[in-house]
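# Remarks on the overall topology
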Amino acid sequence: MALLFVATLGAPQTESAASISQGVLRFNILPARSTVRFDADATGHTVHGMTHQVSGWVSFDPEDLSREAEVSFKVEGATLDTGNKSRDKKMRESHLETARYPTIAFHSTKVKAIAPTLRADETQEMEITGALSLHGIEKVISFPVKAVRRGGELMVTGETSLRMTDYGIPIPGFLFMKVKDEVKVMFEVVATTAAADR
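Sequence order sets the numbering: in each chain, residues are counted from 1 along the sequence as written. Per-residue local features are limited, in this predicted model, to residues with pLDDT of at least 70; the limit for side-chain atom pairs, both in listing and counting, is 80 or more; totals at the level of whole chains, interfaces and linings are taken over all residues. Where side-chain values are given, they derive from all heavy atoms of the structure, hydrogens and water being excluded.

### Let's talk about the confidence of the model for the protein chain
For any part of a model where pLDDT is low, the fine detail of the predicted coordinates should not be relied upon. On a scale of 0 to 100, pLDDT captures the predictor's confidence in every residue. Of all residues in the protein chain, 85% have pLDDT values of 70 or greater, and the mean over the chain is 88. Contact criterion: two residues are considered in contact whenever any of their non-hydrogen atoms come within 4.5 Å of each other. In the predicted structure, residues 1–20 sits below a pLDDT of 50 and forms 120 contacts with residues beyond four places in sequence or in another chain.

### Here's the deal with the layout of surface pockets
A cavity, in this analysis, means grid points on a 1 Å lattice covering only the protein atoms where a 1.4 Å probe fits yet has no way out; a pocket is instead an open set bounded by protein on both sides within 12 Å along at least five of seven lines, and a residue lines either one if it has an atom within 4 Å of a point. Grid points are joined across faces, edges and corners, and a volume is the space filled by probe spheres set on the points. The space that makes up the largest pocket amounts to roughly 390 Å³. The wall of the largest pocket is formed by 21 residues, among which R87, M91, H95, P172 and V179 lie closest to the centre. The set of elements that each furnish at least two residues to the lining of the largest pocket consists of β3 (35–42), β4 (45–51), α1 (85–95), β11 (173–174) and β12 (177–193). Elements are defined by DSSP. Helices are runs of H or I of four residues or more, strands are runs of E of two residues or more, and each kind is numbered from the N terminus. Sort the elements by how many residues they give to the lining of the largest pocket and α1 lands first, with 5 residues. Under this grouping Gly is polar, as are all residues other than the nonpolar Ala, Val, Leu, Ile, Met, Phe, Trp, Tyr, Cys and Pro and the charged Asp, Glu, Lys and Arg. Residue composition of the lining of the largest pocket, by class: 14 nonpolar, 5 polar and 2 charged.

### Brief notes about unusual backbone geometry
The backbone phi angle of E97 is positive, close to 50°, even though this residue is not glycine. The residue E97 is located in the loop between α1 and β7 (103–113) in this model. For every residue, the accessible area obtained with a 1.4 Å probe (protein chains only) is divided by the maximum for its type, and the residue is called buried under 20%, exposed over 50%, and partly exposed between those limits. Relative accessible area serves as the criterion here: at 26%, E97 is assigned to the partly exposed category. We note that H135 has phi near 55°; this positive angle belongs to a residue other than glycine. Position of H135 among the secondary structure elements: in the loop between β8 (123–134) and β9 (137–150). With a relative accessible area of 9%, H135 lands in the buried category.

### As for the pattern of salt bridges
For salt bridges, the criterion is a side-chain nitrogen of Lys or Arg within 4 Å of an Asp or Glu carboxyl oxygen. Across all of its chains, the model carries 10 salt bridges by this definition. The partner of E122 in a salt bridge is R119, and the shortest N-O contact between them spans 3.3 Å. Note that E159 and K184 form a salt bridge whose closest N and O atoms lie 3.4 Å from each other. Here the residue E159 occupies a position in strand β10 (residues 153–163), and K184 occupies one in strand β12, the gap between them amounting to 25 residues. We classify K184 as partly exposed; its relative accessible area is 33%. Salt bridges sharing partners connect three or more residues here, namely D61, R67 and E68.

Laid out in structure tokens, this is it:
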């Protein structure tokens, strides 16, 4: 499964200010401007799905990305939409089981950047490693992202591929149509600092 997201994330939820500690900034995701999408190849066609229900935060020191850089986000599984109501109902009830596992969550354990800084108006490429919790199973994954700062906003894009069987998700199929195990996930996330939200 693949996810595409653009997100802005920030300091721990107990913090209300943009600065978590000296030099560290927090960015909060704007769901209305953020998207997670997936492409699932099936016999004869590709199933496309998406949601805007992305929440979370990202925190980092713009002068030293090796210091306290952290990413956390979650997606409401029941909001994933493929444009087909009957297919969506089956996906949510029989495959993702969203009543039992309502959220898809990720929390980073390591952020590796090509350059050491991400100052205002800079662009940075990074590799994010962390724990993805999906369908009641947690696995460590790594994926590349591109982060861009513009004014008080942070824009992050990236993609990865996931295998449904790795997370105990039954592979959808009907008669001669069957979906491949690997799904491409893409994200486009936009976030702002707490100060900019006011």
